[in-house]
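Examining the three-dimensional arrangement
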Amino acid sequence: MVEEVLAHSDYIDKYTRELVMSERLERGLQTLRAQMDTKVKSFFSSCVHCGICAEACLFYTETNDPRYTPIYKTEPMRKVWQEEYTFWGKFGKKLGLTKSLTEADLANWEELVYDGCSMCSRCSMVCPVGIDIAYIIRKVKEALAASEYSPEGLVAATKRAVEIGSPMGVKLVALQAQIKHVEADTGLSIPMDVEGADYLALLSSMEIINFPEYIEALARIFKHAGVSWTLCSEAFEATNSGLQIGNSVVAAELVERVVAGAYKLKVKYVISPECGHAFSAIRWDGPNFIGRAYDFKVIHILELLEELRNSGRLKTSGKETERLTFHDPCQIVRRGGVEAQPRQLLKSVAENFVEMTDHGRMNWCCGGGGGVSANERAEGLRLKAFNRKKSQLDELNVDTIVTACANCRLVMEEGLEENEMDIPIVGLTEVIAEHLVED
Ligand code: SF4
Ligand code: SF4
């Protein structure tokens with residue numbers, strides 16, 4: 001809005017322009033100061049500038065552009081830390097020797113942070129002094145969002161999430177239409193708003209629109225295993241655009257909607273679907289966003305499936321014979337800790353499962369996490385970053401890729417198409433549903 005006024009009005013004189021611009025800088029600065037916790041301060045004072053994190057980041061390795069090195073993406077926050085929280089920084093400021101954060105810095109870092117970081121956290125794994133770089137980048141995003149330096153696509157998705165309830169604008173009526181199709185295909189009924197069910201299943205918009213086979217797989221597996229479950233008409237969306245854009249207030253609001261739905265239906269568990277950042281948002285960040293613990297537990301669908309399999313409630317038969325691999329969604333495996341379950345599940349239904357190099361916690365991102373895929377401007381860079389995944393796949397020569405994130409799936413489908421690689425991608429929950437023992 002401010003940008004539009006600035007771009008199109010001839011009536012704003014230089015003084016007014018500078019005043020409006022400095023307001024944006026001020027908001028960014030205030031947010032960075034508010035985000036400057038003990039962890040961030042100790043991280044910056046520990047960095048030994050070794051550059052090891054660079055080689056862990058696909059946006060750097062695939063472009064060789066030093067601006068995409070992980071630690072460089074934290075520069076706006078580092079500048080504020082140095083100038084306002086260190087002795088030499090304060091001293092230098094008094095002498096006019098430091099380079100303060102500017103409006104131009106915020107404008108420049110918008111592209112570096114939103115387009116050139118998928119929040120995959122691979123850099124955080126390799127830092128020899130244990131700096132969680134992605135944690136700091138997330139805070140830089142807060143400042144950029146507060147000062148209105150966020151990409152259009154993400155701003156629009158966040159607006160839809162708040163106003164409509166879904167970043168893709170998916171309304172309840174669209175979900176109901178998909179449910180009707182699934183019910184017609186399977187002969188099963190999909191429970192909605194069942195008070196007292198044990199589990200409340202969340203869905204991502206991408207699953208509803210692009211991969212309704214996930215809903216079908218849930219219905220079939222839960223019927224088979226005798227799981228008491230429901231969807232909630234007021235809280236079916238798992239995606240959290242607030243986390244992606246870096247707006248904790250929006251993130252908290254979206255978490256609160258899920259919490260309200262879970263409390264209303266008195267469920268014991270909320271199931272996070274095959275969506276990476278949704279798991280981070282509801283399982284790990286959610287209680288921090290809303291400032292209190294939940295009265296229910298959050299479980300990822302793969303954790304639940306493995307629990308059901310271990311307890312003998314999920315019985316499968318037959319095995320896939322083709323050569324397949326698993327793409328680890330960063331937020332589920334690296335940041336989420338669900339690493340063994342997908343492998344155990346896959347091995348139970350596949351006899352020719354092969355791992356990528358750098359799999360599990362050190363797997364490479366698809367390139368579209370952290371809101372990058374919702375940011376049209378980043379498309380060219382994202383496809384470049386996909387070359388890392390392409391190299392991993394080229395080594396393997398697999399028939400099928402299995403994953404557990406609708407966003408990874410869409411991003412990889414696009415990357416494969418761009419590279420004329422004809423490899424189908426399927427969701428793990430669907431693979432398991434295909435092998436259920438008939439009751
Ligand atoms: S979080 Fe991932 S994409 Fe972002 S800087 Fe680190 S390695 Fe690169
Ligand atoms: S790996 Fe860690 S210590 Fe080395 S430059 Fe990156 S953040 Fe700094």
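Residues numbered from 1 in each chain as written. Chains lettered and ligands numbered in written order. Predicted model: local features only at pLDDT ≥ 70, side-chain atom pairs only at ≥ 80, totals over all residues. Heavy atoms only, no water.

Things to note about the environment of Ser147
Rules: Helical segments are the DSSP runs of H or I of at least four residues, strand segments are the runs of E of at least two, and each set is numbered from the N terminus. Burial classification: accessible surface area is computed with a 1.4 Å probe over protein chains only, and a residue below 20% of its type maximum counts as buried, one above 50% as exposed, and the rest as partly exposed. Contacts are residue-level and defined by heavy atoms, with any inter-residue pair within 4.5 Å sufficient. Whenever two N or O atoms come within 3.5 Å, that pair is a polar contact, provided that in protein one can donate a hydrogen and the other can accept it, and provided that, for residues adjacent in sequence, both atoms are side-chain atoms.
One can find Ser147 in the loop between α9 (133–146) and α10 (152–163). The class for Ser147 is buried, based on a relative accessible area of 0%. Placed 200 residues apart in sequence, Ser147 and Lys347 show a C-alpha to C-alpha distance of 48 Å. Sequence-distant contacts of Ser147, that is, excluding residues within four places in its chain, are made with Arg24, Arg27, Gly28 and Leu106. There is a polar contact of 2.9 Å between the side chain of Ser147 and the backbone oxygen of Ala143.

Digging into the site of ligand 2
Applicable threshold: When we say a residue is near a molecule or strand, we mean one of its heavy atoms is within 4 Å of it. When residues are grouped by polarity, Ala, Val, Leu, Ile, Met, Phe, Trp, Tyr, Cys and Pro land in nonpolar, Asp, Glu, Lys and Arg in charged, and all others, Gly among them, in polar.
Lining the immediate environment of ligand 2, one finds Cys47, Val48, His49, Cys50, Gly51, Cys53, Ile71, Cys127, Pro128, Val129, Ile131 and Ile133. Class assignment for the residues of the shell around ligand 2 results in ten nonpolar, two polar and no charged.

Comments concerning the site of ligand 1
Rules: Of the grid points, spaced at 1 Å and generated over the protein atoms alone, those admitting a 1.4 Å probe that cannot get out make up cavities, while open sets with protein on both sides within 12 Å along at least five of seven lines make up pockets; any residue with an atom within 4 Å of a point is treated as lining. Molecules are considered to sit inside a cavity or pocket once more than half of their atoms lie within 2 Å of its grid points.
In the vicinity of ligand 1, the residues found are Ala56, Cys57, Phe59, Pro70, Lys73, Cys117, Ser118, Met119, Cys120, Ser121, Cys123 and Ile137. Judged by the fraction of its atoms near the pocket grid, ligand 1 is located in the second largest cavity. By residue class, the composition of the shell around ligand 1 is nine nonpolar, two polar and one charged.

Examining the packing of aromatic side chains
Two measures describe an aromatic ring pair: the distance that separates the ring centres and the angle between the ring planes. The test is simple: To pair, rings of Phe, Tyr and Trp, with the six-membered ring standing in for Trp, must have centres within 6.5 Å; the planes then decide the type, stacked if under 30 degrees apart, edge-to-face if over 60, and tilted in the middle. Each ring is checked for a lysine NZ or an arginine CZ that lies within 6 Å of its centre and within 35 degrees of its normal; such an atom marks a charge sitting over the ring.
Tallied over the entire structure, the rule returns eleven aromatic pairs. Aromatic pair Phe222 and Trp229: ring centres 5.2 Å apart, planes at 65°, arrangement edge-to-face. With respect to burial, Phe222 and Trp229 carry one shared label: buried. Three or more aromatic residues joined by ring pairs form one cluster here, namely Phe87, Trp88 and Phe91. Taking NZ or CZ as reference, Arg24 lies 4.0 Å from the ring centre of Tyr149, over its face. One cation-aromatic arrangement involves Arg67 over Tyr68; the distance from NZ or CZ to the ring centre is 5.3 Å.

Topic: empty space enclosed by the protein
How we decide: Grid points are joined across faces, edges and corners, and a volume is the space filled by probe spheres set on the points. These domain limits were set by an automatic method or by a database of domain assignments.
Within this structure, the stated rule accounts for three cavities of 30 Å³ or more. Estimates place the volume of the largest cavity at around 130 Å³. Taken together, 17 residues form the lining of the largest cavity, with Gln331, Gly369, Cys405, Asn407 and Cys408 sitting closest to its centre. Counting residues per element, the ones that place at least two in the lining of the largest cavity are α16 (276–290), α18 (330–333) and α21 (406–418). Counted by class, the lining of the largest cavity contains eight nonpolar, nine polar and no charged residues. In this structure, the lining of the largest cavity is formed jointly by two domains, domain 2 (164–310) and domain 3 (324–434), each of which donates at least three residues. Roughly 90 Å³ of internal volume is contained in the second largest cavity.

What about the pairing of strand β3 (residues 269–272)?
The side chains of a regular strand alternate, first on one face of the sheet and then on the other. Filter applied, for reference: One bridge is not enough; two strands pair if DSSP finds at least two bridges between them. The handedness rule is simple: strands pointing away from the viewer, and a clockwise path from the first strand over the helix to the second, make the crossover right-handed.
As defined by bridge partners, strand β1 (residues 199–201) adjoins β3 across three bridges and the pair is classed as parallel. Each bridged residue has a counterpart across the sheet, and for Leu200 the counterpart in β3 is Val270. Of the strand pairs in this sheet, β3 and strand β4 (residues 297–300) are connected by four bridges, and their pairing is parallel. Looking at the pairing, Tyr269 lines up with Lys297 of β4. Crossover handedness for the path β3 to α16 to β4: right-handed.

Looking at the domain arrangement of the chain
Quick note on the threshold: The term buried area means the drop in 1.4 Å probe accessible area that two parts suffer when joined, counted for both and summed. Salt-bridge detection follows one rule: a side-chain nitrogen of Lys or Arg within 4 Å of a carboxyl oxygen of Asp or Glu.
In terms of domains, the chain is made up of domain 1 (2–149), domain 2 (164–310) and domain 3 (324–434). Computed over C-alpha atoms, the centres of domain 1 and domain 2 are 34 Å apart. Across the contact, five residues belong to domain 1 and eight residues belong to domain 2. Taking both sides of the interface into account, the surface hidden between domain 1 and domain 2 amounts to around 450 Å²; carbon and sulfur atoms contribute 38%. When the area that domain 1 buries against domain 2 is broken down by residue, the three leading residues are Arg138, Lys141 and Glu142, summing to 72%. If you look at where domain 1 meets domain 2, you find zero salt bridges. Of the residues forming the side of domain 1 that touches domain 2, the biggest block, four residues, is contributed by α9.

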